[in-house]
Amino acid sequence: MLGGDFRDRLGVCTAPHCDRVYVDVSRNGTRRFCGTACQNRVKTAAFRARGRTA
Ligand SMILES: [Zn+2]
């Protein structure tokens, strides 16, 4: 559906060193990153922070 409340769907990427704005088009609004590049970057960093080596 278009014409919805896009302002409610606007968010800023939560990845470090990134402040890009995205529009969350997922059904339940759980998006946190501007794209998969940032998502993977944060995932990898969290994985490493847990003490596991790649
Ligand atoms: Zn980002």
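Just above sits the structure.
Now for a description of the structure that goes with this document. These numbers come from a predicted model, not from an experiment.

Time to look at the coordination of the zinc ion. Distances from the zinc ion to its protein donors, C13 (SG), C18 (SG), C34 (SG) and C38 (SG), fall at 2.3 to 2.4 Å. Note that the zinc ion binds four donor atoms; their angles at the metal cover 106 to 113°, and the shape is tetrahedral. Written as a sequence motif, the donor arrangement for the zinc ion is C-x4-C-x15-C-x3-C. Within this pair, whereas C18 is found in the loop between β1 (10–12) and β2 (21–23), its partner C38 is found in helix α1 (residues 36–49), the two being separated by 20 residues in sequence.

Further remarks concern the side chain of D24. As for its placement among the helices and strands, D24 is situated in the loop between β2 and α1. In this structure the side chain of D24 is engaged in a polar contact, spanning 2.9 Å, whose partner is the backbone nitrogen of R31. Contacts of D24, omitting those with residues within four sequence positions, involve R9, G29, T30 and R31.

When the terminal C-alpha atoms of α1 are compared, their 20 Å separation across 14 residues agrees well with the 20 Å that a helix rising 1.5 Å per residue should span. Just past α1, the residue G51 takes up positive phi, approximately 95°.

Within the fold, C34 resides in the loop between β2 and α1. Accessibility expressed as a relative area gives 18% for C34, which makes it buried. Measuring from C-alpha to C-alpha, the distance between C34 and A15 comes to 8.4 Å, with 19 residues separating the pair along the chain. If sequence neighbours within four positions are ignored, C34 has contacts with C13, C18, R20 and Y22.

The rules we used
- Residues numbered from 1 in each chain as written.
- Predicted model: local features only at pLDDT ≥ 70, side-chain atom pairs only at ≥ 80, totals over all residues.
- Heavy atoms only, no water.
- Donors = N, O, S within 2.8 Å, 3.2 Å for Na, K, Ca; no water.
- Tetrahedral: all angles 85-135°; square planar, octahedral: opposite > 155°, others 65-115°.
- Helix = DSSP H or I, 4+ residues; strand = E, 2+ residues; numbered from the N terminus.
- Polar contact = N/O pair within 3.5 Å; in protein donor to acceptor, adjacent residues only side chain to side chain.
- Contact = heavy atoms within 4.5 Å.
- Expected span 1.5 Å × (residues − 1).
- Buried < 20%, exposed > 50% of the residue type's maximum accessible area, 1.4 Å probe, protein only.

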